Amino acid sequence: VQRQAAGGGMVQAGGSLRLSCAASGHTITDYTMGWFRQAPGKEREFVAALRWTGGSAHYGKAVRGRFTMSKNGAKNTVFLQMDSLKPEDTAIYYCATGPRLITSTYSDESRYTSWGQGTQVTVSS
């Protein structure tokens, strides 16, 4: 299984970016898909996650209300719409896949088994 995150770039504060993560090598059935990010000198941080078979996405506190995670089942792709971006959102963003997780474990990165290459997001002030 391979994952590839894309869509990163540089944007001014208040702007928007849309990240995508496509999976190849198998057809996603019932997994948890997550987004994490890591800023320089900081630990990796939970951004958002959802179950492939349904249910609403869950978000980390820092992005709640500004980011929206969605999926396209036909293309085995998840998206992260990032609005009202702030300089503190600057980080490398990673998508990851894990088994069926309960919502209380969505933020636990150790439960995700497959990680894609990250994509850089830079927000200037």
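Keep in mind the model is a prediction, meaning the values are calculated, not measured. (Residues numbered from 1 in each chain as written. Predicted model: local features only at pLDDT ≥ 70, side-chain atom pairs only at ≥ 80, totals over all residues. Heavy atoms only, no water.)

Draft legend 1. Highlighting the nonpolar core. One finds Trp35, Val47, Phe67, Met69, Leu80, Met82 and Tyr93 to be the most contacted residues of the largest nonpolar core, which totals 26 residues. Elements that contribute at least two residues to this core include exactly strand E3 (17–24), strand E4 (32–38), strand E5 (45–51), strand E7 (67–72), strand E8 (77–82), strand E9 (91–98) and strand E11 (119–124). Those residues within four positions of Met82 in sequence are excluded, and the remaining contacts are Gly15, Ser16, Leu17, Leu19, Arg66, Phe67, Tyr93 and Val121. Phe36, Leu101, Tyr106 and Tyr112 belong to the second largest nonpolar core, which has seven residues in total. (Core = buried A, V, L, I, M, F, W, Y, C linked by side-chain atoms within 4.5 Å. Buried < 20%, exposed > 50% of the residue type's maximum accessible area, 1.4 Å probe, protein only. Helix = DSSP H or I, 4+ residues; strand = E, 2+ residues; numbered from the N terminus. Contact = heavy atoms within 4.5 Å.)

Draft legend 2. Local environment of the confidence of the model for the protein chain. Overall, the predicted model of the protein chain reaches an average pLDDT of 90, with 93% of residues at or above 70. Element-level mean pLDDT values for the protein chain span from 77 in strand E1 (residues 2–6) up to 97 in E11. (pLDDT = per-residue confidence, 0-100.)

Draft legend 3. Just the side chain of Thr97, in detail. With respect to the helices and strands, Thr97 occurs in strand E9. Apart from the residues within four sequence positions on either side, Thr97 is in contact with Arg3, Tyr31, Thr32, Met33, Tyr112, Thr113 and Ser114.

Draft legend 4. Quick look at the pairing of E5. The buried count for E5 comes to six of seven residues, which makes it a mostly enclosed element. Bridge count for E4 against E5 is six bridges, and the pairing is antiparallel. Pairing of Trp35 across the sheet is with Ala48, part of E5. Hairpin connection, E4 to E5: the antiparallel pair is bridged by six residues, and Gly41 has positive phi, about 75°. Relative to strand E6 (residues 58–59), E5 is paired through two bridges, and the arrangement is antiparallel. Bridging from a neighbouring strand, Ala49 pairs with His58 of E6. (Pairing = 2+ DSSP bridges.)

Draft legend 5. Quick look at unusual backbone geometry. If you check the backbone angles, Ser84 has positive phi at about 50° while not being a glycine. Summarising the element assignment, Ser84 is placed in the loop between E8 and E9. Overall, Ser84 belongs to the partly exposed group, its relative accessible area being 42%.

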